[in-house]
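Letter by letter, the chains look like this.
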Amino acid sequence: MGVVSTDVNYDTIIRNGRWFDGTGAPSAIRTLGIREGHIVAITADDLDETDCPQVIDAGGKWVLPGMLDIHTHYDVEVLGGPSLSESLRHGVTTVLLGSCSLSTVYVDGLDAGDIFGRVEAIPREYVIDAVDRHKTWANGEEYIAALESRPLGPNVAAFLGHSDMRASTMGLDRATRRDERPTRSEQAQMERMLTEALRAGFVGMSSQQLLFDKLDGDVCRSRTLPSTYAKPRELRRLKSLLRRSGRVLQSGPDIKNPFNLGSQLLQSLGIVRNPLKTSLLSAADVKSNPVAVKALGPAARLINRMGGNFRWQHLPVPFEVYADGIDLVIFEEFGAGAAALHLRDEVDRNELLRDEDYRRRFRKEYESKFGLRVWHRDFFDAEIVGCPDESVIGKSFGQVGRDRGGIHPVDAFLDLVLEHGSGLRWRTTISNHRPEVLKKLARDSGIQMGFSDAGAHLRNMAFYNMGLRLLRHVQEAARSGAPFMTIEQAVHRLTGELADWYRIDAGHLRVGDRADVVILDPERLDGALDDYAEAPVDQYGGLQRMVNRNDDTVVAVFVGGRAVFLDGALTELVGTRRTGRFLRAAHTAPALTEQEGALAHVG
């Protein structure tokens, strides 16, 4: 293939790299020319480098479209830290906001703090401050303008959150009561909100029926998210707007209610109406139920053969989580754990943890094998990685219990929490622990690569580099002589496949496409991808969050033709100039002009 403009000067030339176009087509050694934010040349020949200010020799490297992250909770961070550099540095050039019914389009700071704080483990006071300090918008179109007034690093697309709409329309208290329903005018208002957002170019609506996500704050503390209180009529009317527009419903089912799970699958069917594009949480090989994963892919494929348009979201790497003391969302899924997290005051919480009746209840629920759950509830499968008492580091809570005279693992855990509080740091892998199962999920047509939760659970997990880790898995399998998919297919799954399904202009690297480009060193797709690292978040008071650091793996990242990561470091553009833009669903997104990039500022 050769597409060469002989009378063109290039802003950047990337020469002799292994080029992937994002469609799954065969890769090839090619030289790319970038001009005014677009790919203008892809050729097997040399390009004229005269007066080109930036030439990158990509020999031995992979050149691929910027990756997409379809499930983030950057809605708060993007307001005060719009560079979203933790995603950029790992080759992610487009992120989706507004997942799991949560967005900041309509709610005020206080309600946003209650909705995001505990569910997404972002300090509530910083959520309130960020929304109240930055909010200048009153609808979706104004929200887009506000984002584009900031120095966005990656491109952004968004869902409108159902809980956002419901709380702002009904008030958070009424929106989280079982005996309350929206009035006719309130229902009409939510429908107007969603209609306006879809016209503005939002990719769809996110909702949530999962019942262990709990609210923060005082008035509504420990109630579930507003969207979980919606009755069928309310949901049906909102979904009809998505059906008519061909946009996406992103949701999470109530895993303890088989009827709810089944209805979420069946709702995608059209039959006498338009199919509902549905992206559901989640395809995971959970340790607590190793059989359930076998039904996920076949269920999605069956629904799609019957005329639906359904996908599971999937984290294509082991789902390893960390915790400081008892502060981890998995405890929300059973009564004793939720009771502890309900108490914010440390004295009150510690009094509860000492109570023998409470411990008896915790032990009973820990040992119960009935019902669907996320956490495997095995304290022998939980390693202590940090503690003032160094003698317990490297041990499981079960081992500590044995060392302390054979006490129950629950008591060993609670004793250590009482002794050391948040100074006790531990980890466990909840799901996706079997490589062979991950291989099957990675190539399943009913499953999407997503669910990083970037921007949330700051002290609990970091999957910013999940795309790199999938590529490593694919490359290692090929080198071992047992390939399960090609590199081209893996790149397609992380880029063009997602962009096409969500109808956003991203994920491809062909002549005429915007130059969102990642250059990788395939020889550095290695064990360093698993290394633990932390970095402070300035806008959250310097809180240390878990991150990934793969600066030798990612050679360069471009957004709209502008370099945002080079030679192991973010460039001076990041955080000062806008390189990304809001991607409107079903619209072509032009590259930024120099003037547009310069006008962006931190509000």
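Under an unreviewed UniProt entry, the protein chain has the name Amidohydrolase 3 domain-containing protein and belongs to Mycolicibacterium hippocampi.

Visitor: It is not clear to me how the sheet that holds strand β14 (residues 319-324) should be interpreted in this structure. Could you clarify?
Guide: In any sheet, the strands associate via hydrogen bonds between backbone groups, in a parallel or an antiparallel arrangement. Ordered by their spatial adjacency, three strands build an open sheet running β14-β16-β15, and the pairing between neighbours is antiparallel. The sheet is open, and its two borders are formed by β14 and β15 (383-386), each paired with just one other strand. Each neighbouring strand pair of the sheet contributes to a mean axis angle of 35°, computed without reference to strand direction. Two elements, β15 and strand β16 (residues 425-431), share three bridges in a ladder whose sense is antiparallel. Within β16, the residue paired with G386 across the bridge is R425.

Visitor: Whenever I open this one, the side chain of T579 confuses me. Can you help?
Guide: Locating T579 in the fold gives a position in the loop between β23 (569-570) and α21 (594-599). By relative accessible area, which is 4% here, T579 ends up buried. With near-sequence residues (within four places) excluded, T579 lies in contact with L152, G153, V559, R562, V564, L573 and L592.

Visitor: It is not clear to me how the environment of A591 should be interpreted in this structure. Could you clarify?
Guide: Along the chain, the position of A591 falls in the loop between β23 and α21. For A591, a relative accessible area of 12% puts it in the buried group. A591 sits 75 residues away from D516 along the chain, and the two C-alpha atoms are 9.8 Å apart. Aside from chain neighbours lying at most four places away, what touches A591 is E36, G37, H38, R514, R581 and E596.

Visitor: Would you mind going over the UniProt feature "domain: Amidohydrolase" (unreviewed entry) in the protein chain with me for this structure?
Guide: UniProt marks residues 54-242 with the feature "domain: Amidohydrolase" (unreviewed entry), using the numbering shown here. End-to-end, the C-alpha atoms of residues 54-242 are 44 Å apart, and along that stretch the chain is 41% helix and 14% strand.

Conventions used here
Residues numbered from 1 in each chain as written. Predicted model: local features only at pLDDT ≥ 70, side-chain atom pairs only at ≥ 80, totals over all residues. Heavy atoms only, no water. Pairing = 2+ DSSP bridges. Helix = DSSP H or I, 4+ residues; strand = E, 2+ residues; numbered from the N terminus. Axes fitted to C-alpha atoms, helices over the stretch in contact; angles between N-to-C directions. Buried < 20%, exposed > 50% of the residue type's maximum accessible area, 1.4 Å probe, protein only. Contact = heavy atoms within 4.5 Å. UniProt positions renumbered as here; feature names shortened; annotations may be inferred.

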